[in-house]
Amino acid sequence: MPAGFQSTLLLTVLLAIGLMFFLRAASKDRTTVVDVHSPRPPLEVLEGLTQWLQARGWTRHGGDADRKVLRFRGQVSASRPLAVLLSLLAAIGGSCFGLVLRQLIPELHWWPLLMISLGPVAGWFYTRRAARSEELELQLLETEHSEGSALRLRAHRDELIAIELDLGQSLQLSSNGSLLTSPI
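Engineer: Residues and numbers for the confidence of the model for the protein, please.
Structural biologist: Parts of the model with low pLDDT should not have their predicted coordinates read in detail. Here the protein averages 82 in pLDDT, while 91% of its residues score no lower than 70. When pLDDT is averaged over each element of the protein, helix 2 (residues 42-55) comes out on top at 88 and helix 6 (residues 178-181) at the bottom at 60.

This is the structure:
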């Protein structure tokens, strides 16, 4: 086996491993907890958050009055553009791997080129893992000062960012800002 084919095979295998890790990361659960403060009364903040969540398709899913917790449930769908991109990357990677195998083992004829079918499999895998039911939890915290409100939000990181961007000014919400500055 020529040295050029070995290095090409090694690079192709490394690319395939990278694609698998990318698929896993794209559908990973990113539930985060953040504390939010507002100078507004707790009922006004909770009402604003509840209306905003229901407008986005979240449904009320119980709570715990003793712990001052409200729970919401929503269905998260997979990103179609990302599913297409992953399918395309997997199809290209599979065909490249098939060509390398074809060159290394000519007895296989053109059968390795069927690895192009990995493309739709990768898109299907991502779509199945990324589409799931998510929960959002609002907990009213005791404040040191008599005025204002403090909440602990537990939800998917993207939803917390949307809350901070959409409701930050109208409800005067403030947090430590780590969601908007995080590189991930």
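Engineer: Please provide a residue-by-residue account of the side chain of Glu137, values included.
Structural biologist: Of note, Glu137 is situated in strand 4 (residues 132-141). Judged by its relative accessible area of 14%, Glu137 is buried. Look past the residues within four positions of Glu137 in its chain and what remains in contact with it is Arg67, Val69, Leu70, Arg71, Arg152, Leu153 and Arg154.

Engineer: Residue-level account of the packing of aromatic side chains, with values.
Structural biologist: Considering all chains together, one arrives at zero aromatic pairs under this definition. Taking the ring centre of Trp110 as reference, the NZ or CZ of Arg102 above it sits at 4.4 Å.

Engineer: Quick one: what's the story with the sheet that holds strand 2 (residues 59-64), residue by residue and with numbers?
Structural biologist: Ordered in space as 1-5-4-3-2, the five strands form an open sheet in which the pairing is antiparallel. On the outer flanks of this sheet lie strand 1 (31-38) and strand 2, each paired with one strand and no other. Across the sheet, the mean angle separating the axes of adjacent strands is 20° when strand polarity is ignored. Where strand 2 meets strand 3 (residues 69-76), four bridges bridge the pair, whose relative direction is antiparallel. Opposite Thr59, over in strand 3, you have Arg73 as the bridge partner.

Engineer: So what about unusual backbone geometry? Which residues, and what values?
Structural biologist: One non-glycine residue, His109, adopts positive backbone phi at about 55°. Tracing the sequence through the fold places His109 in the loop between helix 3 (80-104) and helix 4 (118-130). The phi dihedral of Gln172 is positive, around 55°, even though this residue is not glycine. With respect to the helices, strands and loops of the structure, Gln172 is situated in the loop between helix 5 (157-167) and helix 6.

Each value, and the rule that gives it
Sequence order as written defines the numbering, with residues in each chain counted from 1. The predicted nature of this model means local features are confined to residues of pLDDT at least 70 and side-chain atom pairs, given and counted, to a pLDDT of 80 or more, with totals for whole chains, interfaces and linings taken over all residues. With hydrogens and water excluded, all non-hydrogen atoms of the structure serve as input to the side-chain values. A score between 0 and 100, pLDDT records how confident the predictor is in each residue. Working definition: helices are DSSP H or I runs of at least four residues, strands are E runs of at least two. Numbering for both runs from the N terminus. Burial classes: relative accessible area under 20% of the type maximum marks a residue as buried, over 50% as exposed, and values in between as partly exposed (1.4 Å probe, protein chains only). In what follows, residue pairs with any heavy atoms lying within 4.5 Å of each other are defined as contacts. Side-chain rings of Phe, Tyr and Trp (the six-membered ring for Trp) are treated as a pair once their centres are within 6.5 Å; stacked means planes under 30 degrees apart, edge-to-face means over 60, and tilted covers the remaining angles. Whether a charge sits over a ring comes down to the Lys NZ or Arg CZ being within 6 Å of the ring centre and within 35 degrees of the ring normal. By definition, two strands form a pair when at least two bridges between them are found by DSSP. Lines fitted to C-alpha atoms define the axes here, with helix axes fitted over just the stretch in contact, and angles between the N-to-C directions of these axes take values from 0 to 180 degrees.

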